[in-house]
Amino acid sequence: MSSIGNQLLADSASSSSSDAPLCKKRRVEGKASADDAGPGRASSSGNNNYENHDKAAGAVDISNKSETTTVQQMELCVSSSTSDTCAVNAMAKCGNETGRADDVSTSSAVQKESSGSPKKESKNCVGNNDIVASSAAAAVRTVSSTNNSNVSSSNNTTPSNSNSNRPTSGGSMAASNSNAVAGGDIDESLYSRQLYVLGHDAMRRMANSDILLSGLGGLGLETAKNVILGGVKSITLHDTATCGRNDLSSQFYLTEADIGKNRAEASCAQLAELNSYVRTLSHTGPLTEEFLRQFRVVVLTNSDAAEQERIGKFAHENDIALIIADTRGLFAKVFCDFGDSFTIYDQDGVQPVSTMIASITHDAQGVVTCLDETRHGFNDGDYVTFSEVQGMQQLNGCQPIKITVLGPYTFSIGDTSSYDEYKSGGVATQVKMSKSISFKSLEEATKEPEFLISDFAKLDAPANLHVAFRALSSYQKTNEGALPRPWNEADANCFLQLCKEIKSDVDEKLVLQFAKICAGNTCPMDAAIGGIVAQEVLKACSGKFTPIHQWFYYDALECLPVAGVTEEDAQPVGSRYDAQIAIFGRKFQEKLADAKWFIVGAGAIGCELLKNFGMLGLGVGKGQIFVTDMDLIEKSNLNRQFLFRPHDVQKPKAVTAAAAIKRMNSDVNVTAYELRVGAETEKVFSESFFGKLHGVANALDNVDARIYMDRKCIFNRIPLVETGTLGTLGNVQVIVPFATESYSSSQDPPEKSIPICTLKNFPNAIEHTLQWARDAFEGVFKQSAENAAQYLADPQFTERILKLPGIQPLEILDSIKKALIDDKPNSFADCVEWARLYWEDQYANQIKQLLFNFPPDQVTSSGQPFWSGPKRCPDPLVFDINDPMHLDFICAAANLRAEVYGLTQLRDRQAIAELVKKVKVSHAMKQDPLPNTYVSDADYFPFRCQSLCHDLVSRLRPMRQPLPPRPITMTTMRWIRIVWTRS
């Protein structure tokens, strides 16, 4: 903890915090640099979202040294005994355009070629627009950064195609904890949010998993993007197809210049930039059995039925997790086969619950009763263990016991007749037990399907779509791979007959609609299903959460126009939106082009919304996309906000995201603001601004802003799409003014408040200690300093304070007096002395006083022990300068105190320890008894309070100085709250 505390303090000292300008507007123009269209490029202008992220990892920057890179130079970065690959930043000079934001900044890497022999020869291949990598015979290419996985490995001699966590035959599919790489750990600054959801064990299993993804269409790209951001060991991108115009509707890393190129190779470099810890490769050869053996999970998104059956059989026999996914128009399917025996370590990812015990019966079916008004929260069949039980000692630390829920406050744990008599206390804690499930092979599951229902209003849809997808393969066989023509009645009827051959009572209306739009494709559909498939990949790697068992079908037919689309309107027009026109028609596409939408927030959801809107063609005509976000990019954002790269850290989110979307679709009109939405920005986001909008999409992180936008949309009669996520949970609410419920119409139940007496004297849950720490921190370092600063800066402050009710004026003025007179430090040594005395007061003296008033053997009027149930008898601490946590507290508190008063800070722990030794601490306790009487004279108390306030005001008057104490900023609060809370 000491090293963490030092690092936090050091980081804070080197960082600064500043708010975004209140009113700043930037228009992202659609002009491409002259270099983007230059001849002989390795990639098109659409690939200029390649990012120069290797600089942060210490990569070589040769942009100002040479415009060519030789084989010898590249081979210097390859060492067969130390690492698989070494990324090199090779950038060409761009003349006068070098400093432009729209310039192509490419992240290059050494590429490997596989010729079938064990030895692999490294070739020069720089992913740069000016340095063309030619390797026509390459079957496998490596595009990676300096690190191969998000877990640092001490064994760098392992071949790059080895799979360290491949299970033995017949064993569990999910890797055990022992498969974590020794000597390394997870980059918590990058994966902080994901760690809260998955935990370290699951992340380590993922970091040892090799993934194969076949098919780099829109669905494959979305899946690959999410898997790479998740942090697996490696991903191999396989595709034998070349880019066509229809791919441009949803494959956001391809442009018209990439038409005719292999989709995997064209997308590999840009996908590699999403996460420098994940080794990303492309493969254009056949998927042989020998090649498949090295992978933990295989994902097929563009394979024909014969290929699926072949790989499905091999994967099932060799305990390789198989996921098959496909999107056709507004229809989608997902299939999972994780083997005969797949272990789930945590079925739902919910934190284990615990409850405090009131009593346990002593009989053949022991019944546990919880404290009054405390629901246990367990489910029938859960496993629990016990601690702190008085009397029935056999339960403490016992093996997990399966329970039977009898009611919200009681549950049975089996025979307790042989145990000692229960006396008091105890905590029952849920234990997450692993579960093994079996999957059928693809062949068996096709004949005997098990469906996961996604829409209970369409219970019959999965069975009918199962038939439709099977019939589609037959249709393509008989029509040389062609799909039914969009909205063509003849082709639809022919397809219907094939479906009836499989199932005579198939839903004709649903199947006909499937045939009419299955040739189309749209980005939002690929994005949604790609997220689901990526989640299944992470489940297969980590054993966290229950996977799909085994078929999942989905349709979004509600998106279609009520009147349908004519075949003439669905004909291609030679644009990148032809695949989308095949679903919705040309007229609908024209409406999208002229639409104006406002995206509020450019975080994780905001990035996805921007990408989807841009790929849809929204705002490419007379329309416009507006996006606003006042925040700057942080490193932890890179794990899920895929439009940003490491070199974008501390840049404005909205501007950076808008520029990235322009690179994906240069026709999009997008305007970025660096503003919050609220009353203070209504001059910018005025009624005239809202009046020209066709809709608003929220991607916010707080309720107040959501309520504000909800009211603005209702007032201006604008549709609102409200979104939010929490871990693996998510919600979408579509709000149409005067037609649907508004966001503000319903409210979440209020959070249960914690009584002050519980926080101060009787904490019994982790949330109690967290809330206590936060209140103490803000009271000591923030509120009192703010009050003092306002007193010194505002002559009218005292007058306003004296008008407050009750004893508030006395409390505020007393805190100011302490800040400016009594406790004001003159040196860092004074700060250390204050910190040491504060520690003694909080963790020793106050506890001693509490135990003096309520001794450990105290009993209530009913004869029951006072310290029982939620009241846990505390023990005062004894300060130990050799205890790292104790010294952490002093270091943090003293430096915070120095920050408040503008004194020179000290990071040397040994020097601080020497100062602590000089502090004289009185260990005598006042031992004040509880008061027997209280002030009841309503006339006397206000008079006495007023007298004290005037006395404080007279003492404070001489202290007015031009330099007030500085309250702790939010940046400082973030880095120190960890140490403070733990202490």
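To be clear, the structure that these remarks concern was listed above.
Keep in mind it's a predicted model, so treat the numbers as computed, not measured. (Residues numbered from 1 in each chain as written. Predicted model: local features only at pLDDT ≥ 70, side-chain atom pairs only at ≥ 80, totals over all residues. Heavy atoms only, no water.)

**Quick look at the packing of aromatic side chains**
Part 1 of the argument: Per the stated rule, a full pass over the model turns up 37 aromatic pairs.
Part 2 of the argument: Taken together, a centroid distance of 5.0 Å and an interplanar angle of 55° make the contact between F331 and F514 tilted. In this pair, F331 is assigned in strand β12 (residues 331-337) and F514 in helix α11 (residues 508-517), connecting sequence segments 183 residues apart. Comparing F331 with F514, the two get one shared label, buried.
Part 3 of the argument: With a centroid separation of 5.8 Å and 75° between ring planes, the pair formed by F781 and W834 is classed as edge-to-face. Taken as a pair, F781 in helix α20 (residues 766-793) and W834 in helix α23 (residues 828-853) lie far apart in primary sequence, 53 residues in all. (Phe/Tyr/Trp six-rings, centres within 6.5 Å; stacked < 30°, edge-to-face > 60°. Helix = DSSP H or I, 4+ residues; strand = E, 2+ residues; numbered from the N terminus. Buried < 20%, exposed > 50% of the residue type's maximum accessible area, 1.4 Å probe, protein only.)

**A closer look at the nonpolar core**
Part 1 of the argument: Membership of the largest hydrophobic core comes to 132 residues, with the highest contact counts inside it found for F495 and L643.
Part 2 of the argument: A per-element tally of this core places helix α12 (residues 523-542) first, with nine residues.
Part 3 of the argument: C831, L887, I890 and A913 belong to the second-largest nonpolar core, a separate cluster that totals 24 residues. (Core = buried A, V, L, I, M, F, W, Y, C linked by side-chain atoms within 4.5 Å.)

**Quick look at helix α24 (residues 884-901)**
Part 1 of the argument: Here α24 spans 26 Å end to end across 18 residues, near enough to the 26 Å set by a 1.5 Å rise per residue.
Part 2 of the argument: Among the 18 residues of α24, 15 are classified as buried, and the element is accordingly described as predominantly covered.
Part 3 of the argument: Following α24 by one or two positions, G902 has its phi on the positive side, about 70°. (Expected span 1.5 Å × (residues − 1).)

**Quick look at the pattern of salt bridges**
Part 1 of the argument: One pass over the full model with this rule turns up 36 salt bridges.
Part 2 of the argument: For K611, the salt bridge identified is with E222, shortest N-O distance 2.5 Å. Linking K611 in helix α15 (residues 604-616) with E222 in helix α4 (residues 218-230), this pair joins segments that are 389 residues apart in sequence.
Part 3 of the argument: When its relative accessible area of 0% is taken as the criterion, E222 is described as buried.
Part 4 of the argument: The residue D258 makes a salt bridge to K261 at a minimum N-O spacing of 3.3 Å.
Part 5 of the argument: The class for D258 is buried, based on a relative accessible area of 0%.
Part 6 of the argument: Salt bridges sharing partners connect three or more residues here, namely E222, K225, E608 and K611. (Salt bridge = Lys/Arg side-chain N within 4 Å of Asp/Glu carboxyl O.)

**As for the sheet that holds strand β20 (residues 427-431)**
Part 1 of the argument: On the basis of which strands lie adjacent, the open sheet formed by seven strands has the order β17-β16-β20-β14-β15-β19-β18 and antiparallel pairing. The open sheet is flanked by β17 (401-402) and β18 (404-405), the only strands paired with a single partner.
Part 2 of the argument: Pairing of strand β15 (residues 367-370) with strand β19 (residues 410-412), which is carried by three bridges, proceeds in the antiparallel orientation. Bridging from a neighbouring strand, T369 pairs with T410 of β19. (Pairing = 2+ DSSP bridges.)

**A look at the side chain of N698**
Part 1 of the argument: Tracing the backbone shows N698 in strand β27 (residues 695-698).
Part 2 of the argument: Among the polar contacts made by the side chain of N698, one reaches the side chain of E722 at a distance of 3.0 Å.
Part 3 of the argument: With residues near it in sequence (within four places) discarded, N698 still touches V600, L609, R706, M709, L720, V721, E722 and T723. (Polar contact = N/O pair within 3.5 Å; in protein donor to acceptor, adjacent residues only side chain to side chain. Contact = heavy atoms within 4.5 Å.)

**Comments concerning helix α25 (residues 909-917)**
Part 1 of the argument: Those residues of α25 not exposed but buried are R909, I912, A913 and V916. Along the axis of α25, the buried positions cluster into a sector of 105°, meaning they face one direction only. In α25, the exposed residues that point more than 90 degrees away from the buried face are Q910 and K917.
Part 2 of the argument: Between the side-chain oxygen at the start of α25 and the backbone nitrogen of Q910 there is a gap of 3.0 Å, and the oxygen is on D908. (Arc of directions from axis to C-beta.)

**A look at the packing of helix α9 (residues 461-478) against helix α10 (residues 489-502)**
Part 1 of the argument: Their axes nearest at 9 Å, the elements α9 and α10 cross at an angle of 115°. With respect to their mutual orientation, α9 and α10 come out roughly perpendicular. By crossing handedness, the relation of α9 to α10 is classed as right-handed. When α9 is examined against α10, the residues V467, A468, R470, A471, L472, S474 and Y475 are found in contact with a partner set consisting of D491, C494, F495, L498, C499 and I502. (Axes fitted to C-alpha atoms, helices over the stretch in contact; angles between N-to-C directions. Parallel < 35°, antiparallel > 145°, perpendicular 65-115°, else oblique. Left-handed = near helix turned anticlockwise from the far one by under 90°.)

**Regarding the packing of helix α3 (residues 188-206) against α12**
Part 1 of the argument: Put simply, α3 and α12 touch, their axes get as near as 8 Å, and they point 100° apart. It follows that α3 is roughly perpendicular to α12 by the angle criterion. For the pair α3 and α12, the contacting residues are A202, R205 and M206 in the first and L538, C541 and S542 in the second.
Part 2 of the argument: Residues that form the contact of α3 with α12 fall into these classes: four nonpolar, one polar and one charged. (Nonpolar A, V, L, I, M, F, W, Y, C, P; charged D, E, K, R; others polar.)

**Focus: the pairing of strand β8 (residues 234-238)**
Part 1 of the argument: Along β8, five of the five residues are buried, which leaves the element largely enclosed by surrounding structure.
Part 2 of the argument: Pairing of strand β7 (residues 210-214) with β8, which is carried by five bridges, proceeds in the parallel orientation. Residue pairing in the sheet places D210 in a bridge with S234 of β8.
Part 3 of the argument: In this sheet, strand β9 (residues 279-283) lies alongside β8 in parallel orientation, the contact comprising five bridges. Paired with H238 across the strands is H283, a residue of β9.
Part 4 of the argument: With helix α5 (residues 263-272) bridging β8 and the parallel β9, this β-α-β connection has right-handed handedness. (Right-handed = clockwise from strand over helix to strand, strands pointing away.)

**Topic: the pairing of strand β10 (residues 297-300)**
Part 1 of the argument: The two faces of β10 match: V297 and V299 on one face and V298 and L300 on the other face are all buried.
Part 2 of the argument: Two strands pair when backbone bridges link them, and β7 and β10 are joined in this way by four bridges, in the parallel orientation. Within the sheet, the bridge partner assigned to L213 lies in β10 and is V299.
Part 3 of the argument: Summarising the sheet, β10 and strand β11 (residues 321-328) pair through four bridges and their orientation is parallel. Opposite V299, over in β11, you have I323 as the bridge partner.
Part 4 of the argument: The β-α-β motif built from β10, the intervening helix α7 (residues 305-317) and the parallel element β11 has right-handed crossover chirality.

**Regarding unusual backbone geometry**
Part 1 of the argument: The omega torsion across H549 and Q550 is -10°, close enough to zero to call that bond cis.
Part 2 of the argument: Within the secondary structure, Q550 is located in the loop between α12 and β23 (551-555).
Part 3 of the argument: Of note, R717 is a non-glycine position whose phi angle comes to about 55°, a positive value.
Part 4 of the argument: Unlike most non-glycine residues, F738 shows phi in positive territory, near 65°.
Part 5 of the argument: Positionally, F738 belongs in the loop between β29 (729-735) and α19 (756-760).

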